Number of protein chains: 2
Amino acid sequence: MSMNRRSLIGAAGLALTAPALQGAQAAEAAKPAANAAAKAAPPHVTKILAQWILGSSYDALPEPVRREGVRSFLNWVGVAIGGSHHETVDVAVSALQPFSGPPQAGLFGRTERFDIMNAAFLNGVSSHIFDFDDTHLKTIIHPAGPVASAILAYAAMKPVSGKDFLDALVVGIEAECRIGNAVYPNHYDAGWHITGTAGVFGSAAAAGKLMGLTEQQMVYALGLAASQPVGLRESFGSMNKSFNPGRAASNGLFAAILAAKGFTSSDGMIEAKRGWANTISTKQDWSQITDGLGTRYEAQLNTYKPFACGIVMHPTIDAAIQIRDQDHVKPEDIQRVDLKVHPLVLELTGKTAPKTGLEGKFSIYHAAAVAFVEGAGGEKQFSDRAVNDPRVVALRQKVVPVITPGVDPAQVDMTVTLNDGRTFHRHIEHAIGSVEKPMSDAQLEAKFTDLAAGILPDAQARKVMQLCWSLPELKDAGDVARAGVAGA
Amino acid sequence: MSMNRRSLIGAAGLALTAPALQGAQAAEAAKPAANAAAKAAPPHVTKILAQWILGSSYDALPEPVRREGVRSFLNWVGVAIGGSHHETVDVAVSALQPFSGPPQAGLFGRTERFDIMNAAFLNGVSSHIFDFDDTHLKTIIHPAGPVASAILAYAAMKPVSGKDFLDALVVGIEAECRIGNAVYPNHYDAGWHITGTAGVFGSAAAAGKLMGLTEQQMVYALGLAASQPVGLRESFGSMNKSFNPGRAASNGLFAAILAAKGFTSSDGMIEAKRGWANTISTKQDWSQITDGLGTRYEAQLNTYKPFACGIVMHPTIDAAIQIRDQDHVKPEDIQRVDLKVHPLVLELTGKTAPKTGLEGKFSIYHAAAVAFVEGAGGEKQFSDRAVNDPRVVALRQKVVPVITPGVDPAQVDMTVTLNDGRTFHRHIEHAIGSVEKPMSDAQLEAKFTDLAAGILPDAQARKVMQLCWSLPELKDAGDVARAGVAGA
């Protein structure tokens, strides 16, 4: 077998460092670049981002950003508690227990303790199980999971002030969402689960910031993060989906821990020709990472789901609850529910006779019916019990969605006709939980309470919420981790 | 902000499972496929591979494959010992010690003990530091690192017969090299460090086999491995390069450990439209994975480097050592060394006056000179000492490489002229270490001995080698791990 050019370069890659590497790269640069994006030298994105990460501080964060950071955190804690006794977490806990390091951090809703990397993984998995966590709609990144899982585990081991914790959370969300913006949508369309591939940067940035990395160490931490992207969309629908934000959290922490002791990487792992963005995406918009750092915040665009299902069903649930509660409509009085919807609603959620809670998440018929019967759309409304409730089953057969031009996928037009002939109408332009109509603090609390019910005693859940709201005043953010375990 | 179609699908991705997912996928499938490779439904690659992995056995392995497996293992142990006190390992050990689980496995050449995932990572890093490990030339994958690091750590914890260990090693190498073949060269050219991106499959396959996974669990282990590719070429020249095979080893082990307890993934993570190969590469040749399983073995194509530098310098070192030893030429008698070389040799290794050992790895002048002076090309010949040795410095100034048409990059034509006018000539068609002219067992032993010198006492190094050679007869392959630690 004769060795080809690649074999030789690769083998010489033994340590394609310094002068020889430059020589080889210069030779390559002289060739016509196949990728147009590679033609213009990109800015030193990794270094610029590292500098901004280290320069950020709680004091410099605008008030609305602080507020959204706290809301992101509270929402994340709630979903992490809510998922904590799902089979996915049970399996992962039992698999990893024999290999865990010292009991440095607890798990929400559970008694087991793990080293911080395993704890970050497990809380990250737990927080994504219901797909009920926060969403950065521009990229569909679920920002809190990879970041908060990592730094809360760290804070459980080593005291971190609430202000520093919140700053690190915001910084991590900026890093992952901005890097996500730079490659979205091509990167996501190709098949990557962007929460895991971009999330690892958020974890490394936030954890590295709390560890006090130097600028060079932060550059290396981002480089080691770039070397560990997590997640493919093919895994959606399996435990592997929740695996991704969890592993992004532990991988980013791993990167920061190594960099803190002097483990090196390249200086330009995000932007270099054979770095992350050029390798993992056909689109690279560096300005998305570097422009407006410290003036506009992606963290401020975070949204929270009021309902434990895909966003296309949210307007319908919102309308049903409004008519139920504001117009005092009883499910047994309903003769017919007419919905004007976008085609995507039926494409994604057209299941007429769901048998399980999971199937209910893909039935606009069930969603409307259960919202009228129970006045909610939480995880409990997508249980096997709810889907087989005779009142819900009866009502869902009266739901008539009609594809209607001009209705946006995120909208619905609902008309309810009662047995007595009266009608009630709602047009939902923006459903609750959208950027335009965000969940109120009270609604976030109700969601949290519902998720924690049956896992933590009410008083404990309230205490955890209180700690989340007062995050900027906490002397030790690790108190949230300690307050949220079972039996605390 | 209005939510776009992607946001909606992504959010509905809540659990884009079963019926709804199928609906969405059917809708997408109806569109013209952008990627031609996605048009034809691929075979069930993940399942076929999982079945073969579980069906393999030591008894069914052809003798030459067993032999090459043992040689791969011995070479890997040698390089892992050789790198064990490099700064890269020192840094990683000190960073990870505070987080390690129970002391389940040792590290070659060192006293510290770690849980098996950290031990796999650290031995994997150690084995790649000098880039002196084995090479599958078709893909430039370094096959042993990700696989052996994972299963030796496992064997250190739980007894595994030498036969089962060797079978798992071969199976892991097949998995990673075949998957590498399917996407090479496009995947590598894009910027991925294929040893880490394909290596994770090798680790998961081999470890999962030893753990006794069911077929479904093995499919999931491969899926969780697919979710954790490691490494970008931009990191070459930094510690991050050695990081990659180490992290591939620990990620694959992580995947197998989770799958063994019931953690799920998708059934077609390698071949699905949004699975690994379609997402991470523009080329997918499924036949490279599925054809000839159990009849032709990639493990049989493994090669070992006799010299601790890029392969383009190997023919020159080979020629110099031959002339030195067979023709009894002394360095001080040399007037001139003429080399006919391919242009790539000067492009990659054209440094005339290296000052450090690392720079010496990129100097064909140094390589020729040190081979004449010391009769070797090991790690010691690429040290600061060797590069600054006055005899070497004097001789390297007499080396005259000339770019010559018709000379392959893996060849050299060397003519040595002595002060007394005599000349000696060698044409190296295939250098020692190539597939055509593999290192002999004795040469592998010499390499091992040289690498272990100064790290393990000679008697201990010999004992470890003896255990490697007798791998198929060992009752417990973990003996190799135990025999190779410092102070054993």
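Conventions used here
- Residues numbered from 1 in each chain as written.
- Chains lettered and ligands numbered in written order.
- Predicted model: local features only at pLDDT ≥ 70, side-chain atom pairs only at ≥ 80, totals over all residues.
- Heavy atoms only, no water.
- Salt bridge = Lys/Arg side-chain N within 4 Å of Asp/Glu carboxyl O.
- Helix = DSSP H or I, 4+ residues; strand = E, 2+ residues; numbered from the N terminus.
- Buried < 20%, exposed > 50% of the residue type's maximum accessible area, 1.4 Å probe, protein only.
- Contact = heavy atoms within 4.5 Å.
- Axes fitted to C-alpha atoms, helices over the stretch in contact; angles between N-to-C directions.
- Parallel < 35°, antiparallel > 145°, perpendicular 65-115°, else oblique.
- Left-handed = near helix turned anticlockwise from the far one by under 90°.
- Pairing = 2+ DSSP bridges.
- Expected span 1.5 Å × (residues − 1).

S.K.: Help me understand the pattern of salt bridges in this model?
M.R.: Side-chain pairing between opposite charges can occur once the charged atoms of the two side chains come close. Residues and elements named next belong to chain B. One pass over the full model with this rule turns up 46 salt bridges over all chains. For the salt bridge of glutamate 374 with arginine 385, the shortest nitrogen-to-oxygen distance reads 3.0 Å. A residue pair is termed long-range when its members are at least 10 positions apart, and glutamate 374 in helix α19 (residues 364-374) and arginine 385 in helix α20 (residues 384-387) qualify at 11 residues. Classification of arginine 385 by relative accessible area gives partly exposed; the value is 47%.

S.K.: In this structure, what is going on with the environment of B:Ala205? I would like to understand it.
M.R.: Within the secondary structure, B:Ala205 sits in helix α11 (residues 199-211). When near neighbours in sequence (up to four residues on either side) are disregarded, B:Ala205 contacts B:Ile53, B:Val171, B:Gly172, B:Ala175, B:Met218 and B:Leu222.

S.K.: Teacher, can you tell me more about the packing of helix α7 (residues 144-157) of chain A against helix α11 (residues 199-211) of chain A here?
M.R.: Pairs of packed helices are described in terms of their axes, by the angle between the two and the distance that separates them. Residues and elements named next belong to chain A. Packing of α7 against α11 leaves a shortest axis separation of 8 Å and a crossing angle of 30°. Judged on the interaxial angle alone, α11 and α7 are roughly parallel. Considering only the axes of α7 and α11, their crossing is right-handed. Of the residues in α11, those touching α7 at Pro146, Val147, Ala150, Ile151 and Tyr154 are Gly199, Gly202, Ser203, Ala206, Ala207, Leu210 and Met211.

S.K.: It is not clear to me how the sheet that holds strand β8 (residues 423-428) of chain B should be interpreted in this structure. Could you clarify?
M.R.: Two modes of strand pairing occur in sheets, parallel and antiparallel, and in both the strands are linked by backbone hydrogen bonds. Residue and element names in this part refer to chain B. Within the open sheet, the 4 strands sit side by side as β6-β5-β7-β8. Their pairing is mixed. The open sheet has two edge strands with one neighbour each: β6 (399-403) and β8. Between one strand and the next, the sheet's axes are offset by a mean angle of 15°, whatever the strand orientation. Judged from the 5 bridges that link them, strand β5 (residues 334-341) and β6 form a sheet pairing that is parallel. Following the sheet pairing, aspartate 338 is matched in β6 by valine 400. Here helix α16 (residues 314-326) sits on the sheet in contact with β5, β7 (412-418) and β8, set at roughly 140° to β8.

S.K.: Help me understand the side chain of B:Ser242, please; the structure alone is not making it clear to me.
M.R.: Residue and element names in this part refer to chain B. Here serine 242 shows up in helix α13 (residues 239-260). Look at serine 242 and you get buried, because its relative accessible area is 6%. If we skip the residues at most four places from it in the chain, serine 242 touches Gly124, Val125, His128 and Ile129.

S.K.: Can you walk me through helix α4 (residues 63-82) of chain A in this structure?
M.R.: In an α-helix, one full turn covers 3.6 residues, which means residues spaced three or four apart are oriented alike. Helix length check: α4(A), at 20 residues, gives a terminal C-alpha distance of 29 Å against a target of 28 Å (1.5 Å per residue), a fit within 8%. Among the 20 residues that make up α4(A), 17 are buried, leaving the element largely enclosed by the rest of the structure.

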